[in-house]
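These are the residues of each chain, in order.
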Amino acid sequence: MALAAWSGGLHADEAPPLSRPHRLAAPAAPHPGAIASAYPLATQAGQEMLAHGGNAFDAAVAVSAALAVVEPTSSGLGGGGFYLLHRQSDGFETVVDAREKAPAAATRDMFLDSAGNPVPHASTVGPLAAGIPGEPAAFDYLARKFGKLPLKVSLQPAIRLAREGFPLYARLQGAIRYKREELIRSPDAARVFLTADGNVPEIGAMIKQPDLARTLETLADQGARGFYEGRIAQDLVNGVRAGGGIWTLADLASYRVVERKPLIGEYRGARIISAPPPSSGGVALLDALNILSGYDVAKMDSATRKHLVIEAMQRAYRDRAVYLGDPDFVKMPIAQLTSPDYAAGQRSSIRPDKAMPSDMLPGVETSPGGQDTTHISILDAQGNRVAATFSINLFFGAGDMVPKTGVLLNDTMDDFSIKPGTPNAFGLVGNAENAVAGNKRPLSSMTPSFIETPKGLMIIGSPGGSYIISMVILGTLDYLDGMNAGEVVAARRYHDQYLPDVVEYESGAFTDEEISRLQAMGHKLELSGRLWGNMEVITWDFASGKVAAASDPRGVGEGLVY
Ligand code: DON
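Nothing here was measured: the structure is a model prediction, and the numbers come from that model. (Residues numbered from 1 in each chain as written. Predicted model: local features only at pLDDT ≥ 70, side-chain atom pairs only at ≥ 80, totals over all residues. Heavy atoms only, no water.)

K.L.:
Looking at this structure, I do not really get the pattern of salt bridges. What am I missing?
P.N.:
Scanning the model with the defined rule gives 34 salt bridges in all. A salt bridge links Arg-271 to Glu-93; its shortest N-O distance comes to 3.0 Å. Placement of Arg-271 in strand 9 (residues 270-274) and of Glu-93 in strand 4 (residues 92-98) is noted, with a sequence separation of 178 residues between them. Residue Arg-554 pairs with Asp-552 through a salt bridge whose shortest N-O separation is 2.8 Å. Each member of the pair Arg-554 and Asp-552 is classed as buried. One network of salt bridges, in which partners are shared, links Glu-93, Arg-271, Arg-385 and Glu-452. (Salt bridge = Lys/Arg side-chain N within 4 Å of Asp/Glu carboxyl O. Helix = DSSP H or I, 4+ residues; strand = E, 2+ residues; numbered from the N terminus. Buried < 20%, exposed > 50% of the residue type's maximum accessible area, 1.4 Å probe, protein only.)

In structure tokens:
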């Protein structure tokens, strides 16, 4: 296969956006670049690229690759995700869909037993849970089509971090402790993340990944072909099949990223740009904001306002469950779901003083949990920008490191609806639209987004499984209310995903008075025992040129302005 074939993505446009001509933001003042990511060493890898004359897209490759090394719980070469890009020279906006796809041999009932019941953990642990990765193809595609630097340069920081190692930090140590039993079953993962006697290493111990360094080097030398064909592909297929998986060499060789038009909408004069299916993020974000646009929320008391946000979330998540899947496989009423007229219909079922029970909304037939995923926000001094969310799904993905490759397998097959009405690891349910099928991409909640107003811009996204969408909804409302980047990432969060029919909230998200008002309206409130998300936000004020970058205080990331 010709090397050039790897740079040929497809502009699939099954999900037409609400098209509206793009007005170019015209910044009046010079401005710096900024990067926010979930770990300082990764943010610094991006800074290195900007200093080398690279642009935001080169920085996105470097930051993502570094995260694959230093935040192996959350993303990696074995995973995939969505890169929302804006090129300032011509205003071109696109989403590089590097979502994992199911291997060709995948079937609708592959995670069910002979009685039709889900086999416990089959879609979350071990190689059968793994889709064909998209991230290496995304690196190649971004570098060739949008970047200024070759992968040999942009992958250098990641190669260095993998070969020389980085000191174990508390958050990663906690994840290793949490997943120790799983990691110990994968000899290659155990060698990297555990001590020789199978214990959790001390803080500061150097985590070295020589196999991953070699795989990254091959990718740097040969491009995507070096990963999806040849020795690495053979090692991946051998490792996956030895563990009960069903990958073939053809699955890897035929993987392609797909360029898709971003979904675009408007909310109170702001232009909202987000990811289309196979992510549900953009549809749900626009759906919820369209519902809210019919209310004068600024004039309402805070309990009524939060009630309406909850009702909007509930309806948007319901549509996600009922309608959405991979646009290359299913027809979806995207134009309808993102239209203000449809939202007006949804508003007619919302009462200002009373919660709507989810079972009164026609739909499908739960406990969230699990981590991890990662988001990066990047702006360069030319105005190019990237919002990218990518993942291997749960902590350390499927828990399996493929021998000789250093690649941790994802468990993204769990994002399919493995049986209609059966909740996945995030409590999400789905219909046949998101059933498993060979070569299909599972529905995602990742919501990398740009929020543009005449005055400024926000680049936003977060991990958090099903919670991602509600976090981005709240972040958007907060930004448009005047919060700065630091306030947006720190704000306390609440969440309604339609099913289960409860409103979960972080401590501090509601005042005591709001709690009693919301309960009186019929909301079932549940205080969450944990903190959600790891949001990365950049804001840019056009008039002053002021740029701010903030990483979620719930995590250990870093936002830097250069
Ligand atoms: O694509 C999705 O929706 C999930 N695989 C994301 C998983 C995730 O965010 C886990 N993080 N906490």
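K.L.:
Mind showing me how you'd approach the sheet that holds strand 15 (residues 456-460) here?
P.N.:
What links the strands of a sheet is backbone hydrogen bonding, and the strands pair in either a parallel or an antiparallel sense. Pairing is antiparallel in the open sheet, where 6 strands are placed in the order 8-9-14-15-19-20. Among the strands making up the open sheet, the edge pair consists of strand 8 (263-267) and strand 20 (547-551). Neighbour-to-neighbour, the strand axes of the sheet open up by a mean angle of 15 degrees, direction not taken into account. Of the pairings in the sheet, the one linking strand 14 (residues 449-452) to strand 15 comprises 4 bridges and is antiparallel in character. If you follow Ser-449 over to strand 15, its bridge partner there is Ile-460. Strands in contact with helix 13 (residues 281-292) are strand 8, strand 9 and strand 14; relative to strand 8, the strand with the most contacts, it is inclined by about 20 degrees. Its contacts with the sheet put helix 17 (residues 467-480) on strand 8, strand 9, strand 14, strand 15 and strand 19 (536-541), and the angle it makes with strand 15 is roughly 160 degrees. (Pairing = 2+ DSSP bridges. Axes fitted to C-alpha atoms, helices over the stretch in contact; angles between N-to-C directions. Contact = heavy atoms within 4.5 Å.)

K.L.:
For this particular structure, what's the right way to read helix 3 (residues 135-145)?
P.N.:
Since the α-helix packs 3.6 residues into each turn, any two residues three or four apart lie on the same face. When you tally the buried positions in helix 3, you get 9 out of 11 residues, the bulk of the element. Buried residues of helix 3: Glu-135, Pro-136, Ala-137, Ala-138, Phe-139, Asp-140, Tyr-141, Leu-142 and Ala-143, and no others.

K.L.:
Can you help me understand the packing of helix 2 (residues 56-70) against helix 3 in this one?
P.N.:
Working note: a packed helix pair is described by the angle between its axes plus the distance between those axes. Two numbers describe how helix 2 lies on helix 3: the axes approach to 10 Å, and their chain directions differ by 160 degrees. As the angle between them shows, helix 2 and helix 3 are arranged roughly antiparallel. The handedness of the crossing between helix 2 and helix 3 comes out as left-handed. Of helix 3, the residues touching helix 2 (which contributes Val-61, Ser-64, Ala-65 and Ala-68) are Glu-135, Phe-139, Leu-142 and Ala-143. Residue composition of the contact of helix 2 with helix 3, grouped by class: 6 nonpolar, 1 polar and 1 charged. (Parallel < 35°, antiparallel > 145°, perpendicular 65-115°, else oblique. Left-handed = near helix turned anticlockwise from the far one by under 90°. Nonpolar A, V, L, I, M, F, W, Y, C, P; charged D, E, K, R; others polar.)

K.L.:
Explain the side chain of Glu-71 here, please?
P.N.:
Relative to the assigned elements, Glu-71 resides in the loop between helix 2 and strand 3 (80-87). Notably, Glu-71 is buried but unbridged: the nearest opposite-charge side chain belongs to Arg-171, and the N-O separation is 5.1 Å. If we ignore the near neighbours within four places in the chain, the residues touching Glu-71 are Ala-38, Ala-66, Tyr-169, Asp-372, Thr-373, Thr-374 and Asn-534. (Lys, Arg positive; Asp, Glu negative; His and termini not counted.)

K.L.:
It is not clear to me how the environment of Ala-138 should be interpreted in this structure. Could you clarify?
P.N.:
Within the secondary structure, Ala-138 sits in helix 3. Note: C-alpha distance between Ala-138 and Arg-256 (118 residues apart in sequence) is 8.6 Å. In this structure, Ala-138 is in contact with Tyr-83, Ala-98 and Val-257, ignoring residues within four places of it in sequence.

K.L.:
Is there a simple way to explain helix 2 in this structure?
P.N.:
Between its first and last C-alpha atoms helix 2 spans 20 Å; for 15 residues at 1.5 Å apiece the expected length is 21 Å, and the two agree. The buried fraction of helix 2 is high, at 15 of 15 residues. (Expected span 1.5 Å × (residues − 1).)

K.L.:
Whenever I open this one, the site of the ligand confuses me. Can you help?
P.N.:
Taken together, 14 residues sit near the ligand, with Thr-373, Asp-415, Ser-444, Ser-445 and Gly-465 positioned nearest. Thr-373 places a polar side-chain atom, nitrogen or oxygen, 2.7 Å from an oxygen atom of the ligand. Taken atom by atom, the bulk of the ligand overlaps the largest cavity. (Near = heavy atom within 4 Å. Polar contact = N/O pair within 3.5 Å; in protein donor to acceptor, adjacent residues only side chain to side chain. 1 Å grid on protein atoms, 1.4 Å probe; cavity = no way out; pocket = protein on both sides within 12 Å on 5 of 7 lines; lining within 4 Å. Sits in = over half its atoms within 2 Å of the grid points.)

K.L.:
So what exactly am I meant to see when it comes to the layout of surface pockets here?
P.N.:
If a probe as big as a water molecule is rolled over the atoms, it shows which places are left empty. In this structure, the second largest pocket occupies an estimated 280 Å³ of space. Tyr-479, Met-483, Asn-484, Thr-539 and Asp-541 are, among the 16 residues lining the second largest pocket, the residues nearest its centre. Elements supplying a minimum of two residues to the lining of the second largest pocket: strand 15, helix 17, strand 19 and strand 20. The leading source of residues in the lining of the second largest pocket is strand 19, at 3 residues. (Points joined across faces, edges and corners; volume = space filled by probe spheres on them.)

K.L.:
Help me understand the packing of aromatic side chains, please; the structure alone is not making it clear to me.
P.N.:
For any two aromatic rings, the description comes down to two numbers: the centre-to-centre distance and the angle of the planes. Throughout the structure, instances matching the rule amount to 14 aromatic pairs. Taken together, the ring pairs connect Phe-57, Phe-92, Tyr-141 and Phe-146 into an aromatic cluster. Directly above the ring of Phe-450 sits Arg-385, whose terminal nitrogen or CZ lies 5.9 Å from the centroid. (Phe/Tyr/Trp six-rings, centres within 6.5 Å; stacked < 30°, edge-to-face > 60°. Lys NZ or Arg CZ within 6 Å of the ring centre and 35° of its normal.)

K.L.:
Just checking my understanding: could you explain unusual backbone geometry for this structure?
P.N.:
Outside of glycine, negative phi angles account for most residues, and trans bonds account for most peptide bonds. Along the chain, Pro-277 connects to Pro-278 via a cis peptide bond; the corresponding omega equals 15 degrees. When you line up the elements, Pro-278 lands in the loop between strand 9 and helix 13. The peptide bond linking Leu-499 to Pro-500 adopts the cis configuration, its omega dihedral lying at -5 degrees. Here Pro-500 shows up in the loop between strand 16 (494-495) and strand 17 (503-505). For Phe-396, which is not glycine, the phi dihedral falls at a positive 60 degrees. Tracing the backbone shows Phe-396 in the loop between strand 11 (385-391) and strand 12 (401-402). Even without glycine at this site, Lys-404 takes up a positive phi of about 75 degrees. Its place among the elements puts Lys-404 in the loop between strand 12 and strand 13 (407-408).

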